[in-house]
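For reference, the chains in residue letters:
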Amino acid sequence: RSATLSFSLKLRALWRREHATQRERLQPGSSSIHYKMKQLQLLALGVLACASRAEEGSVRWDLSASSASPSPRSRVALGHQEQSNASGATEHYAWLFGGLKADGSTSTELWRYDVAADNWDLRLPSGSVPACHGCVFVSASTTSLHLLMGEDSTGAYVRTVYRLDISGAGLAWTLVANSGPVARSDHTSTVADGGDSIILFGGKNASGSPLSDVWQFNVNSSSWTQLFPSGVAPAARAAHTATAISDSLIAVFGGVDGAGSPLNDLYLLDVCQNEWTNISAIGSSVPGARSGHSAALVGRYLVVMQGLSANSTVIGDTWSLDANDFLGGEVQWTETVYASDRATPAARWAHAAVGFEDQMLVYGGLFSSAISDATRGTWTLKYNCAGVRALTGLSGVLTDGLGSYASSLDCGWLLEPLRSNSVLQLFILESELADSSDVVYSYDGSSTSASLALSHTGDTLPDPVISTESSMLVRFTSGTSGSAAGFRAVWRAICAPGHEPQSDGSCTPCDAGSFKALAGDLSCSSCGKRAYASDAGATWCKNCIRGSVANSHSTGCNCESGNYRDRGSCHICETGAVCPGGSLIYARQGWCQRERSIYDTSSKPFELCCDASECPGGSKAPLCNNSIRTMQINGTDPTPCGVRVISFTPNTFPLLSATVEVWSVFSVAIVLLVAISVLVGVLIGRRCAAKRVEPETDMTDIAEEDGSQKKKKKKNVEGTFGRASARYQKITPTDLVTPITPRPGGPDAHAATLDSKFAPGQADSKFEVDEYDSKFDVDELVVESLDAPKSTAPPDAPAPQTGGPTPPSTPPASPPASGRLGHG
């Protein structure tokens, strides 16, 4: 049990920290994905934190039907014991001793209650033990119980400790201690350390004064040791309860102090650390001050039942809290709500109770302050659903009970929160239902005749359900074949669509101009610029008509600036008019408004005035009349004013007007014309430049020289130089030693003499041609004359032998008109 206590503590601490941080950082109503994700995380944490509360709708009471039972009595000693039978199954028993009978006498009877058989039987042990009331009965082992102190039949306070041995065939009382703590009554004794010790706290002494001392009784040595725990100790008290929530943790609640005032404080005693801790409560929902009540651990819940309040008033409520929360130093109390169609115990005090597994057994008590008003009823509280429970809180947990659910169940919860403008949200957090006959239903209303919102079975968790009404009925039914762990669900009341939560927990309608479409949203949102909500509590916004925007409060729409309202629609402002927005439209300066029928849509309502001084414009400007000369743009008989305007004289040119659309089209046309002109000029210039010089490059062979590859470039350069065109004949670098003589008869103004640039034998020298700022790496230069016939010999033909017969010379052709030899 101790290993699982920290889970709820960590969960609740995480919820509180995240909620405090995100509430400051996130803006309610934000539609960002980040905010929605964080909102979902916070919701999940909140649901899980809420799930650690007691299952307020899963409690039922069953009255014992045993024909034999102890007589009516109060202030009895009641202890629980569990044993294993021959088959290994655990059996639970309750042992009852003594008590104050209705006639005022003190009983010496010993009774045993068999929980499974629902039967009381009177037991007759051997040995002698005095009658007592206000004493305590505890079970430290499966073979014995201890009876500690109390008042005897004479009203004397005793300090004795008796052990009841229940092993073997018979029962026997044995006195094991008669020293240690002072004699007392209305104290508490709680088993700790796995049954090795019993912790005694408080009570009242023989003089009636409450006590606050703590003692430890060693079961094995039957000796007492006083403890002095550190921390803030509870005040002296009697008629309180002390409940073990683990082997070393004991919860002390309520009682009556020295002034006779009832208490409702809660303390935790850590036996291992020998330390007291005051446990605070979350919120204002806490049990009232009381004494003479009962408390027991049922499952993981500490249940406090009924008691006596101030002014001797008997109270009949039952409260519970999650024992896991003790480690966090604060707990959350929940008042238990019972099924309306089942019997429940009447209000009582001075009764006794013990807890085991998922049940709490209650016996006896007083209905009033009179000793004679005692009862003998035996009640069993179970965390198992039965009947229909009406829940009016704002949140809670629904479950079929602790442990496996029973067969043939049919129970329900009617959720009707006492908060207006709210709907219900249901989350199923755990689900393990055996078969299709075990079903959880959710109805969108207060009865099964309402629409069915959820029908769930199996172990797959369904999506959350949100009602449309202010109430929801949840129902669980189980079949006859077997059972499983069951289900656990969380419900909460949230503000309905069109309403947002306030700091006091109420739900108020959204203001006009805002809306909230979903019940889960945290706040209302503004309708925006082009939508409106005229009424409060809107769940959606209406769109403004075209050309209009919402007013400052988003409660309606007005035509925006540059538009005006006419016959229910927004129209673009007329030429010559000013439209500040809404329904306003009036002539601008230099224009006047014509008077026309509202059905006349064929003509324009504004005219351009010949003399701007006659038309001041504005909302109070006069209408067009015979005394104001206008161009009558829409008329059939233009006045001379119109002729003068068209003649573009200096006096009338300023009266011309064009709309924004006309100026826009005109401007775009000018820009396009300029761009096209520039583009055409660039293309023409580039074409001319290309014709001026067109170099051509031709790649030739790749030859190897000195073990490396070398590209040979053969260039045929063709160009235009002045008025002379030339082709160049092939020469080698060695030919350049001898100057080239210009053609006979040709002008020598542009004749080029190629001086020797190379020494003989320098075949790899570079020859640079500077014409047109071009550089070529050449091994041979081709020079051809326009007058010489083109050689047909291949470029690689061998040169003629020196000294051989000279071939006959060909007469030169007529020189070209230019008579120029191009440079190469």
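First things first, this report covers the structure right here in the doc.

### Some details on the state of the cysteines
Two cysteines, two sulfur atoms, one covalent bond between them: this is a disulfide.
In step 1: Inspection of every chain in the model, using the stated rule, returns nine disulfides.
In step 2: Residue cysteine 527 pairs covalently with cysteine 541 via a disulfide, S to S 1.9 Å. Taking the sign of the S-S torsion, about -70 degrees here, the bridge from cysteine 527 to cysteine 541 comes out left-handed. Here cysteine 527, found in the loop between strand 41 (525–526) and strand 42 (531–532), pairs with cysteine 541, found in the loop between strand 42 and strand 43 (542–543); they are 14 residues apart in sequence, far enough to count as distant. The same class applies to cysteine 527 and to cysteine 541, which are both buried.

### Some points on the packing of aromatic side chains
In step 1: As enumerated under the stated definition, the model contains 14 aromatic pairs in all.
In step 2: Consider the rings of tryptophan 215 and tryptophan 224, whose centres lie 6.5 Å apart with planes at 85 degrees: the pair is edge-to-face.
In step 3: Cluster of aromatic residues (ring-pair linked, three or more members): Tyr405, Trp413, Phe476 and Phe487.

### Let's talk about the side chain of aspartate 400
In step 1: Relative to the assigned elements, aspartate 400 resides in the loop between strand 30 (395–399) and strand 31 (410–415).
In step 2: Buried within the structure, aspartate 400 lacks any salt-bridge partner; arginine 488 is the closest side chain of opposite charge, at an N-O distance of 8.8 Å.
In step 3: At a separation of 2.7 Å, a polar atom in the side chain of aspartate 400 contacts the main-chain amide nitrogen of phenylalanine 487.
In step 4: Those residues within four positions of aspartate 400 in sequence are excluded, and the remaining contacts are Tyr383, Asn384, Cys385, Tyr405, Phe476, Ala485, Gly486 and Phe487.

### Notes on the sheet that holds strand 35 (residues 465–466)
In step 1: Here four strands make up an open sheet; going across it, the order is 30-37-32-35 and the pairing antiparallel. Looking at strand neighbours, the two that pair on one side only are strand 30 and strand 35, the edges of this open sheet.
In step 2: As paired elements, strand 30 and strand 37 (residues 486–495) share five bridges and run antiparallel to each other. Along strand 37, the bridge assignment pairs serine 395 with arginine 492.

### Quick notes on the sheet that holds strand 8 (residues 136–138)
In step 1: Reading across from one edge, 8-9-10-11 is the order of the four strands in this open sheet, with antiparallel pairing throughout. Of all the strands in the sheet, the pair left with one neighbour each is strand 8 and strand 11 (172–177). With strand direction ignored, the average angle separating the axes of adjacent strands in the sheet is 25 degrees.
In step 2: With seven bridges joining them, strand 9 (residues 144–151) and strand 10 (residues 157–165) adopt antiparallel strand pairing. Following the sheet pairing, glutamate 151 is matched in strand 10 by tyrosine 157.

Reading the values: the criteria
Residues numbered from 1 in each chain as written. Predicted model: local features only at pLDDT ≥ 70, side-chain atom pairs only at ≥ 80, totals over all residues. Heavy atoms only, no water. Disulfide = S-S within 2.5 Å. Helix = DSSP H or I, 4+ residues; strand = E, 2+ residues; numbered from the N terminus. Buried < 20%, exposed > 50% of the residue type's maximum accessible area, 1.4 Å probe, protein only. Phe/Tyr/Trp six-rings, centres within 6.5 Å; stacked < 30°, edge-to-face > 60°. Lys, Arg positive; Asp, Glu negative; His and termini not counted. Salt bridge = Lys/Arg side-chain N within 4 Å of Asp/Glu carboxyl O. Polar contact = N/O pair within 3.5 Å; in protein donor to acceptor, adjacent residues only side chain to side chain. Contact = heavy atoms within 4.5 Å. Pairing = 2+ DSSP bridges. Axes fitted to C-alpha atoms, helices over the stretch in contact; angles between N-to-C directions.

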